[in-house]
Amino acid sequence: MSVFSLAASRTFRGVSVKIPRMLFSLLPNDGYSITILNSKRISWPQSHSANTTRLLSSEPLNQKIPKVATWEPVPEEQLPPPAHIPADLVDKLERLALVDFRTKQGLACLEKAIRFADQLHVVDTTGVEPMDSVLEDRVLYLREDAVMEGDCAEKLLQLSKTTVEEYFVAPPGNIPLPKGEERTAMLKNSEF
Amino acid sequence: SSTKLFSGAPVRFSAPPNSLVSFFDASLPGTLPVLNKRCVEAAVMTGLALNCAVNRKSLFDRKHYFYADLPAGYQITQQRLPIAVDGVLTYSLLGGKKRNQVMRQNVTIKQIQLEQDSGKSLHDDVRSQTLIDLNRAGVGLMELVMEPDMSCGEEAAAAVRELQLILQALGTCQGNMSEGQLRVDANVSVHRPGEPLGVRTEVKNINSIRYLARAIDYEIQRQIDVLQRGGTVQNETRAYDSKSGFMPEPNLPPLILYEDDASLPTGIDACQVVVVQKIKEGLPELPSVKRDRLVQTYGILPEHSFTLVNEDGLVDYFEAVLKATKKEPRKVIGWVTNELLGHLKQQDMSVCQSPISPSALAELLELQETGHISSSVAKQVFQEMWRSPGKTALQITQEQDLGLVSDTAQLHIICQKVVDSHPDEVRVHAIRSGNKKVLNKLMGLVQKETKGRADPVLVRAILQKKTS
């Protein structure tokens, strides 16, 4: 049984996607029977496998959901060599996406996340156009050029803690993140 | 357009802060972009007017960067597959020694893409904060990318002016640079002939065509100076460009345009489609076509036509004058492009501010045409009319007694006087009969006597007779 650990956030081409903390168990095919009792030491979310009693659910399981996990973990040999992330790339990522890979654990987490995504390389995509959106075969709706919205300055300004005379307030300018070493020095003294 | 590119909030130049902002523009969670049909049509019109290939299928992308006036953290643009590509902008320069030769030049348009504008930030350094107004956030923009085909500020200014005229004729953009309706970022680099293009720097925040030309020439000179001193040109914005993250916009399917009504799929709603053929047929008269038409219709020279179209309202003024006078267009054009325009430029005025109306000018020209005043007097009267806007040409002529002296008897007397007081010249003229220089001199003297009011034709004839 191999376990992958995903924590904090995974960045993909500049878009931050936060995945809540979870322990993901990859089970072998013979399934694993777990009965959830009133035990306080439950890891969340529960493993999706056969014979799990869903105590808190009111509807029966949809027929389309397989009763047993239908996928298998990809063997290590089929994956491309693990990507090593050079320090300056980490720095660049941090500045682009404003996330923090400060600790060794953070970096290890990033590498594991990339490893997990490497499974995609096993799929043969020759001749297949990349899909941007599941809407790709839908018609793009064109709106008439008539005023329908706006004039809600009060409502919008209420959402902000600080406003100055109907303007939103932001910190001054665009302060770029300082370089790597300066950053570690700065953060050492911070509370996080 | 009346509303923004992806939301139904209104587009206006000045309004109370954050009053033209929809929930989508403020990037509130749960909002989605809905494309404005008018913006698509405008982009297609502009693409067609600039001889572009309009892409039947174009895609939207997100360009990510962090800035306070971009609430979503990304801008929706069309980087991969824009709506129009590979066009040509033909512009004209007045060149040659007398700046009266119309030289046509081309700039290649790499692409036209639809994208969102960002909000406005006001920097308050005193209180160390930035004030954000999102009224402009989400307004539709057409970004035109041009190839480096131009080589000096004057060419760039002429190209942008032509673009302004085209956009104004199409009605897709009012092109007012000072109000930010037309924004130009100039990328300038220098290189020796035969060598590849040098490092480019970007000149931003240009708010007038005149400044554009000057800023570009200044930058060219600056780069040349740096290189001649052995230095290298630094590019600060380049680093920023390579960093920005692009990704496809997942909330918008591809934008499909249809060639003509025949290619429309069955059962499709007519207001949901943009048909390129229809837009092509509906294109208004473009400036270049207008110039040719003026040359054809009025028989004026191309450079005059160029000047007419280049100045807001001048064509209308010219045509109004023609309506009110029987004078030939070719004789009127000089008055409009030289006298009128000259005076306007001197005082930095626009045509609509002219103190002399088309009908007033027409009256003046009629006076000249019918022989009441000479051409030189006409110019004097023009000046006077400029200074005193209420007075008509006739009034001024009468007040200052500038009427043409056509009384032959009076002219005879004056001519005789001149001839008598210049016997030597007369002898020279008699010896080499028809010596024009002498005749002209005598004519000049007569005009001096009459304060320029003598009818030149009559005077010449009389002098000719008297000296032969």
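The rules behind the values
- Residues numbered from 1 in each chain as written.
- Chains lettered and ligands numbered in written order.
- Predicted model: local features only at pLDDT ≥ 70, side-chain atom pairs only at ≥ 80, totals over all residues.
- Heavy atoms only, no water.
- pLDDT = per-residue confidence, 0-100.
- Helix = DSSP H or I, 4+ residues; strand = E, 2+ residues; numbered from the N terminus.
- Contact = heavy atoms within 4.5 Å.
- Buried < 20%, exposed > 50% of the residue type's maximum accessible area, 1.4 Å probe, protein only.
- Salt bridge = Lys/Arg side-chain N within 4 Å of Asp/Glu carboxyl O.
- Phe/Tyr/Trp six-rings, centres within 6.5 Å; stacked < 30°, edge-to-face > 60°.
- Lys NZ or Arg CZ within 6 Å of the ring centre and 35° of its normal.

**Focus: the confidence of the model for chain A**
Where the model shows low pLDDT, its predicted coordinates should not be examined in detail.
Residues and elements named next belong to chain A.
So, step 1. In the predicted model, chain A carries a mean pLDDT of 68, and the fraction of residues at 70 or more is 57%.
So, step 2. Across chain A, the secondary-structure element scoring lowest on mean pLDDT is strand β1 (residues 3-6), at 39, and the one scoring highest is strand β5 (residues 142-143), at 94.
So, step 3. Segment residues 1-51: pLDDT under 50, and 62 contacts once partners within four positions in sequence are set aside and those in other chains are kept.

**Notes on unusual backbone geometry**
Residue and element names in this part refer to chain B.
So, step 1. Despite not being glycine, N18 shows a phi value in the positive range, around 60°.
So, step 2. Residue placement: N18 occurs in the segment before β1 (35-36).
So, step 3. Since its relative accessible area comes to 0%, N18 is described here as buried.
So, step 4. The phi torsion at S27 lies on the positive side, around 60°, for a residue other than glycine.
So, step 5. Tracing the backbone through its elements, the reader meets S27 in the segment before β1.
So, step 6. For S27, a relative accessible area of 27% gives the class partly exposed.

**Focus on the pattern of salt bridges**
Residues and elements named next belong to chain B.
So, step 1. Tallied over the entire structure, the rule returns 21 salt bridges over all chains.
So, step 2. Of the charged contacts, one joins R62 and E249 as a salt bridge, the two residues approaching to 2.8 Å between their closest N and O atoms. Remark: E249 occurs in the loop between β13 (245-248) and β14 (255-256) and R62 occurs in strand β4 (residues 61-64); sequence separation between them is 187 residues.
So, step 3. Given a relative accessible area of 11%, R62 falls into the buried group.
So, step 4. Taking the relative accessible area as the measure of exposure, E249 reaches 1% and is therefore buried.
So, step 5. Between E366 and K326 there is a salt bridge, with the nearest N and O atoms lying 3.6 Å from each other. Of the two residues, E366 sits in helix α10 (residues 358-369) while K326 sits in the loop between α8 (314-324) and α9 (329-346), which places them 40 residues apart along the sequence.
So, step 6. K326 gets classed as exposed once you look at its relative accessible area, which sits at 76%.

**Thoughts on the packing of aromatic side chains**
Residues and elements named next belong to chain B.
So, step 1. According to the stated counting rule, one finds four aromatic pairs over all chains in the structure shown.
So, step 2. Where F6 meets F60, the ring centres are 5.6 Å apart and the plane angle is 75°; that geometry is what we call edge-to-face. Of this pair, F6 sits in the segment before β1 while F60 sits in the loop between β3 (57-58) and β4, and the two are 54 residues apart along the sequence.
So, step 3. One aromatic cluster is present, built from ring pairs that chain together W335, F382 and W386.
So, step 4. In this structure, R62 packs its charged tip against the face of Y74, placed 4.0 Å from the ring centre.

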